[in-house]
Amino acid sequence: MYISICVYVFILALFFWGVKIAPKKQFNSDFLSLDAMTCLKGFMALLVIFHHVSQKKAFQDAHVMWIFENIGFLFVGIFFFTSGYGLYKSYKTKPDYLNGFVKKRVLPIVISYYIMVCIYAVFKLANGIKMPLDRWICEITGLTMINSMAWFVYVIVILYLAFNFAFKHFKNTGALLFILFVILGQAALFIVMGHNLWFVGPKDWWRNPALVWNNPVWWKRVQSVLFSGEWWVNSTLCFLLGIIICQNEEKFTAFLKRKYGLKLVLTILLFVLMLVANFAVTFSPFSYWAAVGKDAILNNFVCYPVQSLCAMAFCLLVCAVMLKIYAANGFLRFCGKRSLEIYLMQELCIFSWAFLIEKNYKPIFKPHLWNMALFLVAVAASVLVSATIYHWLNQKAAKFLKARNK
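A brief report on the enclosed structure follows.

The subject of this paragraph is the packing of aromatic side chains. What characterises a pair of aromatic rings is the spacing of the ring centres plus the angle enclosed by the ring planes. For the coordinates displayed, the defined rule picks out 39 aromatic pairs. Look at Phe80 and Phe152: their rings are 4.9 Å apart centre to centre, the planes differ by 40°, and that puts the pair in the tilted class. Linking Phe80 in helix H4 (residues 72–93) with Phe152 in helix H7 (residues 151–169), this pair joins segments that are 72 residues apart in sequence. With respect to class, Phe80 is no different from Phe152; both count as buried. On the numbers, 6.0 Å between centres and 80° between planes, the contact of Trp151 with Phe152 is edge-to-face. Of the two residues, Trp151 and Phe152, neither departs from the other in class, the shared state being buried. Site record: aromatic cluster; members linked through ring pairs are Phe79, Phe80, Tyr113, Tyr114, Trp151, Phe152, Tyr154, Phe227, Trp232 and Tyr343. Of note, Lys263 hangs over the ring of Phe255, and the distance from its end group to the ring centre comes to 3.8 Å. Positioned above the aromatic ring of Phe27, the side-chain terminus of Lys324 is 5.1 Å from the ring centre.

Shown next as structure tokens:
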């Protein structure tokens, strides 16, 4: 338990270092400011690291940091929420914000993605990882992912493009409906497809578990193609929520302030209710992984709205709490400004240090689990270092792009 306790103490210490608490009967007027959002993203980026580490077999078997294992989508929901809020905030405060939007906001993300592809390609070649030529081509071009955690880039680019199109061609309500349509369209794609292309090939071939997990045709395996996983869609409605709250920021803030104590309690209860519902479906016969192929469509349809509502309830709870108290310090700002890089460097670092906790995919347990503690520290440290280097490369690429456009 000492590893879990150390992590929880670290999280509390990080939160209360530089914490901003509003005086009695007062509120933080800047709880949705750029600085507050940046620190929040940094906090969530660190929690996502703990989430991915907790999903390793050794940590699961030892029940270390188990609290993080099934709630990663909540932390990612905050990224979508802040993205939607930030985009609309810029749209309503900056004249002609949508002019050149794709070049200014989308292209840098795409370039950053391909810088990451180069990093991962070099890493895989250096480690002697062998793949068929067609898979190399797909991963280098982006038709499939060279980094399984890069799914966020695909989704956020789609949402950015939807935002740009929506507010260029529709009024507010129409724009919101268009974005909702795009989000639900992605959800429908996953609900039908599930975790692999079960509808491609001989009839019912996916009923053979060996073919699902280790198919000779690599792109038929689980999670091998785009949108094959619930994490692609189960928190994206938070993006729309962020836009709506930004549109109605004054009304939303005034609403929370009136009888704040009661509103906070109700928000907590709403989140707890949705979290219980989430765990109920996660560990039930309706879970995402309880079935495959077309048998999973009903399961996906049941789980998706529950997790989506849970993610949005978490965003509302975070807003309600930050109105009174939120974390703000230099380290969180540092992480927040590099949150995307931190997210994208995790898989590389987790793979690099996996030898500490597993051999031939089987967990290794050393006395007092010292190897797991070392793994956690090594992963966290290397993620921050590699993310910093990656962020520097992105800045250089952005400056080069800006210079070319002058």
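So much for the structure itself; the text now carries on.
With that out of the way, let us pick up the pattern of salt bridges. Applying the stated criterion across every chain, the model contains 10 salt bridges. The partner of Asp30 in a salt bridge is Lys20, and the shortest N-O contact between them spans 2.7 Å. One end of the pair, Asp30, is in the loop between strand S1 (20–21) and helix H2 (34–54); the other, Lys20, is in strand S1, and 10 residues separate them in sequence. Residue Lys20 is classed as partly exposed on the basis of its relative accessible area, which comes to 35%. A salt bridge links Arg207 to Asp204; its shortest N-O distance comes to 3.8 Å. For Asp204, a relative accessible area of 29% puts it in the partly exposed group. Salt bridges here are not isolated pairs; linked through shared partners, they connect Lys89, Lys92 and Glu249.

Cut-offs used in this document
One numbering rule holds for all chains: residues counted from 1, following each sequence as written. This being a predicted model, a pLDDT of at least 70 is required before a residue's local features are given, and a value of 80 or more before pairs of side-chain atoms are given or counted; all residues contribute to the totals for chains, interfaces and linings. Heavy atoms throughout the structure, all of them, feed into the side-chain values; hydrogens and water do not. Two rings from Phe, Tyr or Trp (for Trp, the six-membered ring) form a pair when their centres sit within 6.5 Å of each other. Planes less than 30 degrees apart are called stacked, planes more than 60 degrees apart edge-to-face, and all others tilted. In this description a helix means any DSSP run of H or I spanning at least four residues, a strand means any run of E spanning at least two, and both kinds are numbered starting from the N terminus. Relative accessibility thresholds used throughout: buried, under 20% of the residue-type maximum; exposed, over 50%; partly exposed, between the two (1.4 Å probe, protein chains only). By definition here, charges over rings are those cases where NZ of Lys or CZ of Arg is within 6 Å of the ring centre and within 35 degrees of the ring normal. Here a salt bridge means any side-chain nitrogen of Lys or Arg lying within 4 Å of a carboxyl oxygen belonging to Asp or Glu.

Read these as spatial facts, not as claims about activity.
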